[in-house]
Amino acid sequence: MKATTITDTDASAARISSLPNRPTAPKEYGGGGLSSRQLKEYFDSYPELLRERFNLLLDDLAAEGEDSVTRVIKSGFREGGTLYEFVQSFRDGRILAMIPLGTSSLLVELNKMRAELDSCLQRLSILEGANG
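Residues numbered from 1 in each chain as written. Predicted model: local features only at pLDDT ≥ 70, side-chain atom pairs only at ≥ 80, totals over all residues. Heavy atoms only, no water.

Trainee: Please clarify how the packing of aromatic side chains should be interpreted in this entry.
Mentor: Pairs of aromatic rings are described using the distance from one ring centre to the other and the angle between the two planes. Applying the stated rule across the entire model yields 1 aromatic pair. Measuring from centroid to centroid gives 5.2 Å for F86 and F90, while their planes differ by 80°, and the two rings are edge-to-face. Of this pair, F86 and F90 both sit in helix α4 (residues 83–91), separated by 4 residues, roughly a single helical turn. (Phe/Tyr/Trp six-rings, centres within 6.5 Å; stacked < 30°, edge-to-face > 60°. Helix = DSSP H or I, 4+ residues; strand = E, 2+ residues; numbered from the N terminus.)

Trainee: Would you take a moment to explain a nonpolar patch on the surface for this structure?
Mentor: Residues F54, L57, L58 and L61 make up a contiguous nonpolar surface patch of roughly 380 Å² in combined accessible area. Looking at the secondary structure, you find L57 in helix α2 (residues 36–62). By relative accessible area, L57 is classed as partly exposed at 37%. (Patch = residues over 30% accessible without salt bridge, like charges linked within 9 Å, V, L, I, M, F, W, Y side chains within 5 Å. Areas by Shrake-Rupley, 256 points an atom, 1.4 Å probe, with all protein chains shown as cover. Salt bridge = Lys/Arg side-chain N within 4 Å of Asp/Glu carboxyl O. Buried < 20%, exposed > 50% of the residue type's maximum accessible area, 1.4 Å probe, protein only.)

Trainee: What am I meant to see in the side chain of D60 here?
Mentor: Tracing the chain through its elements places D60 in helix α2. Although D60 is buried, it forms no salt bridge, and the closest oppositely charged side chain is K2 at an N-O distance of 5.5 Å. Among the polar contacts made by the side chain of D60, one reaches the main-chain amide nitrogen of A3 at a distance of 2.7 Å. In this view, D60 contacts M1, K2, A3, S68 and V69; residues no more than four positions away in its chain are not counted. (Lys, Arg positive; Asp, Glu negative; His and termini not counted. Polar contact = N/O pair within 3.5 Å; in protein donor to acceptor, adjacent residues only side chain to side chain. Contact = heavy atoms within 4.5 Å.)

Trainee: Hey, could you run me through the environment of L49 in this one?
Mentor: On the secondary structure map, L49 appears in helix α2. Along the chain, L49 and S17 lie 32 residues apart, while their C-alpha atoms are 16 Å from each other. Once you skip the residues sitting within four places of it in the chain, L49 turns out to touch I6 and D10.

Trainee: Is there a simple way to think about the confidence of the model for the protein chain in this case?
Mentor: Detailed reading of the predicted model is not advised wherever pLDDT is low. Mean pLDDT over the protein chain works out to 88, with 99% of the residues at or above the 70 mark. Here helix α3 (residues 69–72) stands out as the element of the protein chain with the lowest mean pLDDT, 84, in contrast to strand β2 (residues 104–105), whose mean of 94 is the highest. (pLDDT = per-residue confidence, 0-100.)

Trainee: Explanation requested: the pattern of salt bridges in the structure shown.
Mentor: Two side chains with opposite charge may pair up if their charged atoms get near one another. Applying the stated rule across the entire model yields 7 salt bridges. Two residues, R51 and E48, come together in a salt bridge whose shortest N-O distance is 2.4 Å. Here R51 and its partner E48 are both found in helix α2, 3 residues apart, which amounts to about one turn of the helix. What makes R51 partly exposed here is its relative accessible area of 43%. On the basis of relative accessible area, E48 is assigned to the partly exposed category, the value being 36%.

Next comes the structure, spelled out in structure tokens:
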């Protein structure tokens, strides 16, 4: 990922309130000695910082591969698991084994239900054949 947090240090360096009271006055008179161009750039520095970091975040959201947001953000679903792994577990069905249900998992319980249903259907087929 390219995006980073805007730290207090980043923000402080761009705050208008950090300018001297007389930013364009010469330094020997207590000013900042900034030219009009430098003062304009200073006023633009905070919005520019936000624009830059926001664009990096958008690039990260659109990225694919090992550096993508989904492969970096932790899902919190299991220790060390990423959002990408979480989504993949839905795609390939592994999520069913991860969802607790009673003393086992949803996958185990669904498999038991499927086996019981298959058994019922087989007995029904035998009954229909005998009555048929």
